[in-house]
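Structure assessment
So the chains spell out like this:
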Amino acid sequence: MSPTRRQFIRNVGIALATLVMGRCQPPVPTTLPTSTMLPKHPIRNRLRDCWLAFERLAKQTRESQNDPDAGEAALRELRAKHQAALDEMVSTDELSPAVAEQVQAAFDAASYHIWRSNTLITCYAPALINYSPTSSAQLVEQSAALAAMAQSSALEPSTVEKAQAAIERDIAFLNLSQDDVQLLYDSLITAAGGPGVPPFDEVELGVTAEAIEAARFLVSLLLCQDP
């Protein structure tokens, strides 16, 4: 892995640590590597391009500070492109609707995090407990790491396995309904007897079969592996 890619992953990690500590964070760095090993599958290529477009989204957002609607329009356009590609995969039975829905929810969360982190207001609203920013940031971090690994000639199976496990948890959480998220928060606060809730990585989450399949699909997509 080149120093540039290491620095990107390190920078995202720093931003994540800052976020977890509850402070305002600087705009998240979003430089993602491009790959010359794209799978021979045009729809998958389009999906992967969306995950590699965070740098462009961040730049568009920063450059449109005087016109917030333009930044939001860029976010909506990127999400729509990702959804359209997923819809095509569903229509050709390459992906089930349930799994596609989980993948889209993950992308929506990751892209929102990039957009929000590059606006003038970079803090999330104060809350006693809120795992959404942490989970979204980790998803960005993992996707960046996998995209960088795609250019490596020697992939470490254990590293890929850990990345998939982390993405499974992120996808499982990000696909919870608002009611289920609130129930989770209430149960954690009750168990802690106060505000001392555990960090996101220590929370037990029920990972569904759809979340596992969505994570597996996303890992293969970012690693440029053919279906």
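The structure displayed is predicted, hence computed values, not measured ones.

What the chain contains, in helices and strands, is nine helices and zero strands. Across the chain, helices and strands are ordered from the amino to the carboxyl terminus as α-α-α-α-α-α-α-α-α. Evaluated residue by residue, the chain yields a buried proportion of 47% over its 227 residues. Pairs at least 24 residues apart make up 78% of the contacts formed inside the chain by residues separated by at least 6 positions. Summing over all exposed atoms, the chain offers an accessible surface of approximately 11500 Å²; the carbon and sulfur share of this is 54%.

What follows deals with the pattern of salt bridges. If you walk through the whole model with that rule in mind, you get four salt bridges. A salt bridge links Asp108 to Arg79; the nearest nitrogen and oxygen atoms lie 3.6 Å apart. With Asp108 in helix α5 (residues 97–117) and Arg79 in helix α4 (residues 68–91), this residue pair connects regions lying 29 residues apart in the sequence. Judged by relative accessible area, which is 23%, Asp108 ranks as partly exposed.

This part is about the nonpolar core. Trp51, Phe54, Tyr131, Leu139, Leu146, Ile167 and Phe173 are the most contacted members of the largest nonpolar core, which totals 53 residues. Listed by contribution, the elements that provide at least two residues to this core are α2 (42–51), α3 (54–63), α4, α5, α6 (132–149), α7 (157–174), α8 (178–192) and α9 (209–222). Once you skip the residues sitting within four places of it in the chain, Leu146 turns out to touch Ala163, Ile167, Val219, Leu222 and Leu223.

Take the environment of Glu210 next. Tracing the chain through its elements places Glu210 in helix α9. In sequence terms Glu210 and Ala172 are 38 residues apart; their C-alpha atoms lie 8.7 Å from each other.

Per-residue pLDDT for the chain averages 80, and the proportion of residues at 70 or more is 77%. This stretch, residues 1–39, has a pLDDT under 50; its non-local contacts, to residues over four places away or in other chains, come to 76 contacts.

Definitions and cut-offs
- By convention here, each chain's residues receive numbers from 1 onward along its written sequence.
- Confidence filtering applies because this is a predicted model: local features only for residues at pLDDT of at least 70, side-chain atom pairs given and counted only at 80 or more, and all residues used for totals across whole chains, interfaces and linings.
- Side-chain descriptors were evaluated using all non-hydrogen atoms of the structure, hydrogens and water having been removed beforehand.
- Where helices and strands are cited, they refer to DSSP runs of H or I of at least four residues and of E of at least two residues respectively, numbered from the N terminus.
- Per-residue accessibility, obtained with a 1.4 Å probe over protein chains only, is compared with the maximum for each type, and a residue is labelled buried under 20%, exposed over 50%, and partly exposed between these values.
- Only heavy atoms enter the contact rule, under which two residues are in contact if any of them lie within 4.5 Å.
- Surface accessibility follows the Shrake-Rupley procedure with a 1.4 Å probe radius. Residue values consider only the protein chains on display as shielding.
- In the sections that follow, a salt bridge refers to a side-chain nitrogen of Lys or Arg positioned within 4 Å of a carboxyl oxygen of Asp or Glu.
- By nonpolar core is meant a set of buried Ala, Val, Leu, Ile, Met, Phe, Trp, Tyr and Cys residues that side-chain atoms within 4.5 Å join together.
- Known as pLDDT, the predictor's confidence for each residue is given on a scale from 0 to 100.

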